[in-house]
Structures are given as structure tokens and as C-alpha cells.
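Observations on chain architecture
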Amino acid sequence: MRWIWFGVAVAFASPALAQRPAERDWAAALRADARALHDEIAANHPGAVNPEDPGFAKRNDAQLAMALKRARTARTYADYYLPLREYVAAFNDGHMTIRIFGDAPSEYRWPGFLTNYDAQGKMRVHTRADDAPVPIGAELVGCDGRSAEKLAADRIGRMWGRWQLESTRQRWGRTLFLDEHNIAVPPLARCTFRVDGRQRTIALEWKPIDSNGFWERAWGDRKTEARIFEARTLADGTRWYAMPSFNGDAQSDAGKALPGLIAAMQADRNAPAIVLDLRRNNGGSSDWSQQIAQTLWGQAAIDGLPKSDTQVDWRVSAANLASIEESYAKRGDGVSPEAKRWFEAVIAGLKGGLARGDKLWREAGTEDDAPKAGKAMPQPPLKAHVYLLTDPGCASACLDAVDLWRALGATHVGKTTSADTLYMDVRQYRLPSGIAGGGMPMKVYRGRSRGNNEPVVPVRKFDGDIADTPAVEAWIMALEHAAPR
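Let me sum up the structure you'll find in this document.

Rules used throughout
- Residues numbered from 1 in each chain as written.
- Predicted model: local features only at pLDDT ≥ 70, side-chain atom pairs only at ≥ 80, totals over all residues.
- Heavy atoms only, no water.
- Helix = DSSP H or I, 4+ residues; strand = E, 2+ residues; numbered from the N terminus.
- Expected span 1.5 Å × (residues − 1).
- Buried < 20%, exposed > 50% of the residue type's maximum accessible area, 1.4 Å probe, protein only.
- Phe/Tyr/Trp six-rings, centres within 6.5 Å; stacked < 30°, edge-to-face > 60°.
- Lys NZ or Arg CZ within 6 Å of the ring centre and 35° of its normal.
- Lys, Arg positive; Asp, Glu negative; His and termini not counted.
- Salt bridge = Lys/Arg side-chain N within 4 Å of Asp/Glu carboxyl O.
- Polar contact = N/O pair within 3.5 Å; in protein donor to acceptor, adjacent residues only side chain to side chain.
- Contact = heavy atoms within 4.5 Å.

Along an α-helix, residues three or four positions apart point the same way, because every turn accommodates 3.6 residues. With 13 residues, helix 3 (residues 77-89) extends 18 Å from end C-alpha to end C-alpha; this agrees with the ideal 18 Å at 1.5 Å per step. Along helix 3, 13 of the 13 residues are buried, which leaves the element largely enclosed by surrounding structure.

Structure representation (C-alpha cells):
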């Protein structure tokens with residue numbers, strides 16, 4: 001088992017953060033930040049020196065050239081930020097991110113309606129102004145000579161990346177008819193919809209919409225629930241554990257809540273069923289899923305899994321070393337003995353690599369290789385039927401939990417997960433302007449069984465709103481009652 005530490009990265013810019021970036025020379029800001037981003041990637045990302053990814057460095061150079069070209073005409077905040085977002089999106093990596101620190105002075109426009117994907121993958125109108133020219137439910141056929149799917153890939157996928165993933169399309173499909181004043185993605189002019197079986201072509205009239213109004217229109221139909229960690233008992237005796245984060249910081253909500261939840265699981269091994277609810281969990285530290293596996297299935301069961309041929313290469317750099325050291329320090333007394341060995345081995349390995357002038361260091365000393373006091377004793381058989389519940393946001397360390405618990409026998413239910421590349425373990429960076437920054441992977445997997453940007457499909461898929469907890473509870477109880485004994 002490999003120990004994996006993930007800094008929690010913010011993958012997307014939010015509409016309201018600290019303070020609005022001051023007006024400035026946006027062309028100069030873009031030039032400086034694009035060059036710094038290029039150098040950050042070249043100096044610290046494993047892809048830049050990965051012989052198995054020969055196009056990575058060329059992609060970095062090409063994206064810098066794109067951003068510098070756009071800087072020639074940059075006059076606004078949108079002209080500054082959107083090329084940087086496109087720069088990062090080109091790598092199709094959920095761990096390589098960029099965000100804005102402060103309110104984005106965006107000037108949005110819309111044509112009076114917004115579309116989104118339905119359950120069958122059709123793009124339909126899902127919200128509209130009273131005077132919009134198309135009704136709710138109208139199916140988008142295409143615009144300006146391009147099909148709906150081609151439009152979405154060209155206009156949204158280009159700006160966010162990973163458009164092949166259901167999780168990405170479900171999140172950002174709502175922005176097809178958002179005009180961000182992006183000179184690379186000009187406003188659409190004429191669109192055709194299918195209404196009551198007939199096609200109707202309309203000319204779009206773009207009008208201002210404030211950011212709060214847009215975000216409410218785009219996502220107001222989604223149920224928003226707080227990230228609550230809890231253990232509860234359903235009517236049939238099923239024990240339900242909600243774990244919306246695997247943040248490894250001992251002072252985080254996860255760091256404070258998960259030790260108690262994991263301790264409670266030991267007494268619930270004989271419950272009729274256990275639900276491990278990972279909805280809204282997009283990662284953190286894989287130490288948590290390992291501890292849960294030890295509690296429910298036992299270390300002997302984990303040791304009995306087929307051995308993985310996975311190897312890990314770290315990008316050797318002073319910045320990456322400092323990040324791991326900082327993460328280790330933040331864990332404090334909350335770090336498990338296995339994770340402690342992992343941190344210390346990686347820190348020693350990166351220090352040695354720096355001293356030798358290496359570009360990559362292969363991680364070798366993990367807990368699997370460490371001397372053990374004796375063979376792990378098997379626990380009594382787990383009587384509870386374990387359900388693993390995911391939504392499309394499950395990524396990073398959440399995916400590692402899925403891989404491990406499924407292998408141990410958990411039944412995976414819910415929605416198809418997100419996915420990650422072979423580049424992992426995120427370090428945070430900030431660009432010179434202070435406006436933008438994000439996350440940068442520090443290591444690369446070799447030989448991982450789950451492929452690059454490969455999502456995990458549940459054994460049983462839930463067709464309704466995955467955020468509707470009462471409906472999901474009733475569905476899982478029905479599955480449990482129908483399960484053969």
C-alpha cells in the first residue's frame with residue numbers, strides 16, 4: 001500500500017472570495033504570470049521530466065506562447081484570467097488547477113436562458129427569463145453550424161479540460177450560454193432548438209447578468225447541503241457514515257471528526273449494513289481510507305490483497321520538499337505510525353535527490369517494506385454488508401478509497417466518480433501578481449491499475465438526484481432488503 005498525501009486543491013474559481021483585484025496593466029500581469037506559471041511547471045511538475053509523457057514539456061511551451069500572444073491585446077480582467085484558465089485546462093488534470101484570490105470583476109452576459117445536460121445526455125433549457133425565446137425543456141440542436149456536443153467541447157471543454165468525464169460535463173454544462181467576454185470564445189449568434197418535435201431557430205440577444213444572478217440561475221436547482229460528518233442509524237438498523245472530506249489537517253473538520261467516526265465503526269461491524277457515504281468528498285489524505293479499511297476488514301485482509309506493481313516517482317525540487325515538510329508538520333500528533341514512516345521516507349528521499357542533483361526520485365520505503373512486529377492477526381468476519389456511496393465529485397484520495405474498499409468487498413453504489421491522472425500529490429502555488437494561484441502535482445504513478453483519467457462506475461447506479469439524501473437512503477435500504485442472504 002502506498003501512502004498518498006494530497007493537499008486539498010481548489011479546482012475552480014468561485015464568484016466571491018476575499019477582495020477585488022485592483023485595476024492594473026492586465027497585459028503586463030498576464031505576461032508575468034504566464035511566464036511564472038510556465039517556470040513553475042518546468043521546475044516542479046514531474047511531467048516536465050517524465051520520459052513516458054514526451055509531449056508534456058511541449059504542451060507547456062505551447063500554452064505559454066498562447067498566453068503571451070493573448071497578452072498583446074489584453075485590456076481587462078477577463079483578458080488576463082481566461083488565458084491562464086485555458087493554459088491549465090490544456091493539461092486535462094484535475095490536480096493541476098488555477099483559481100482567483102479575491103472577487104472576480106467579471107461582467108457576465110446571457111441570452112435569457114441557460115442549458116444543461118439531462119439524464120440522457122441531451123442539452124436542454126433548464127432555466128429562463130420570462131421573456132426568453134425558448135421554453136424550459138427545449139433541446140439544443142446546435143448553433144452557428146456546430147452541433148450541441150461540438151459546441152460544448154469547443155467552448156466549455158477548452159476552458160475547463162477533461163470534457164470526456166461525466167462529472168465535468170455535469171458541473172460545467174450549465175455554462176454553455178454564459179458570455180465571459182472571452183475573445184477566444186466569442187458569443188454565439190443563432191441557435192436551433194427542438195421544441196415539441198419541431199425545430200426552431202432563434203437569433204440570440206445577449207444581456208448583462210450579475211455573477212450572483214448567474215450562479216443562482218445555473219446551480220440554484222441543486223440541493224446544497226453542508227459538509228456534515230456524522231454517524232446515524234436508519235430505520236432498518238443500517239449504520240450510515242457521512243464523510244464529505246478526507247482532509248489530512250488535524251485542525252480541519254475532517255481531522256476533528258474522522259477519528260471518532262472510525263472508532264465507532266468497530267462496534268458496528270455486526271450491523272445489518274454499513275454505508276460509507278463519500279458524497280461531496282473530493283480528496284485529502286488516503287491515510288483515512290486505510291484506517292477505515294483496517295477497522296472494518298482488518299490489516300490481515302488488506303495484506304491479503306494482490307500485491308500492486310505500482311511505483312511512484314517524485315519530482316525532486318526544493319519547493320516540493322518544503323511542501324511535504326509543511327504537510328507533515330500540520331498533521332501533528334494526528335499522523336498514524338504508517339503515515340509517519342511514509343512522510344519521513346519521502347522527505348529523506350527528496351533531500352537525497354536534491355543533494356545528488358536528480359530530477360526524479362523513486363519512492364521505495366513504504367509501510368509494505370517496513371519491518372513488522374509480527375503477522376497481522378485476522379479479525380472476526382465482517383458481518384455487515386458495506387455499501388460505498390459516491391457522487392461525480394469523488395476524486396483524488398476519494399478514488400483511492402474506492403479502489404481499496406471495492407477490492408476488500410464493498411458494494412459500490414451511486415454515481416460514476418470523477419477521475420485523476422497519474423500525476424498526484426498537490427502542492428499549492430501563487431503567481432507573482434498575487435491574483436491567481438492553484439495546485440500543482442508533485443509525483444507520478446507508474447503501473448497503476450486504474451488508468452489515466454479513468455472514472456470508476458458503480459455496481460449499482462442511482463438514477464435520481466444524488467444529493468437527495470432521503471431518496472438515496474430509501475434506495476439503499478431497498479437494495480439491502482433485496483440482497484440475497
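Okay, the packing of aromatic side chains next. On inspection of all chains with the given rule, the structure shows 19 aromatic pairs. When the ring of Phe56 is compared with that of Phe91, the centres are 5.0 Å apart and the planes differ by 45°; the resulting orientation is tilted. On the criterion of sequence distance, the pair formed by Phe56 in helix 2 (residues 56-71) and Phe91 in the loop between helix 3 and strand 1 (99-100) is long-range, its members being 35 residues apart. As far as the burial class goes, Phe56 and Phe91 line up, both buried. Ring geometry for Phe113 and Phe177: centres 4.9 Å apart, planes at 55°, overall tilted. Of this pair, Phe113 sits in strand 3 (residues 113-117) while Phe177 sits in the loop between helix 5 (166-172) and strand 7 (190-195), placing them 64 residues apart in sequence. Here the two residues Phe113 and Phe177 agree in accessibility, since each one is buried. Among the aromatic residues, those joined into a ring-pair cluster are Tyr108, Trp160, Trp172, Phe214 and Trp215. Taking the ring centre of Phe101 as reference, the NZ or CZ of Arg99 above it sits at 4.4 Å.

This brings us to the side chain of Asp391. Counting through the fold element by element, Asp391 comes out in the loop between strand 15 (385-390) and helix 12 (397-408). Buried and without a salt bridge, Asp391 has Arg279 as its closest oppositely charged side chain, separated by 6.1 Å. Polar contacts involving the side chain of Asp391 include one to the main-chain amide nitrogen of Arg280, which spans 2.8 Å. Among the polar contacts made by the side chain of Asp391, one reaches the main-chain amide nitrogen of Gly393 at a distance of 2.9 Å. Apart from the residues within four sequence positions on either side, Asp391 is in contact with Leu278, Arg279, Arg280, Lys415, Thr416, Thr417 and Ile466.

Keep in mind that these numbers describe shape and distance, not what the molecule does.
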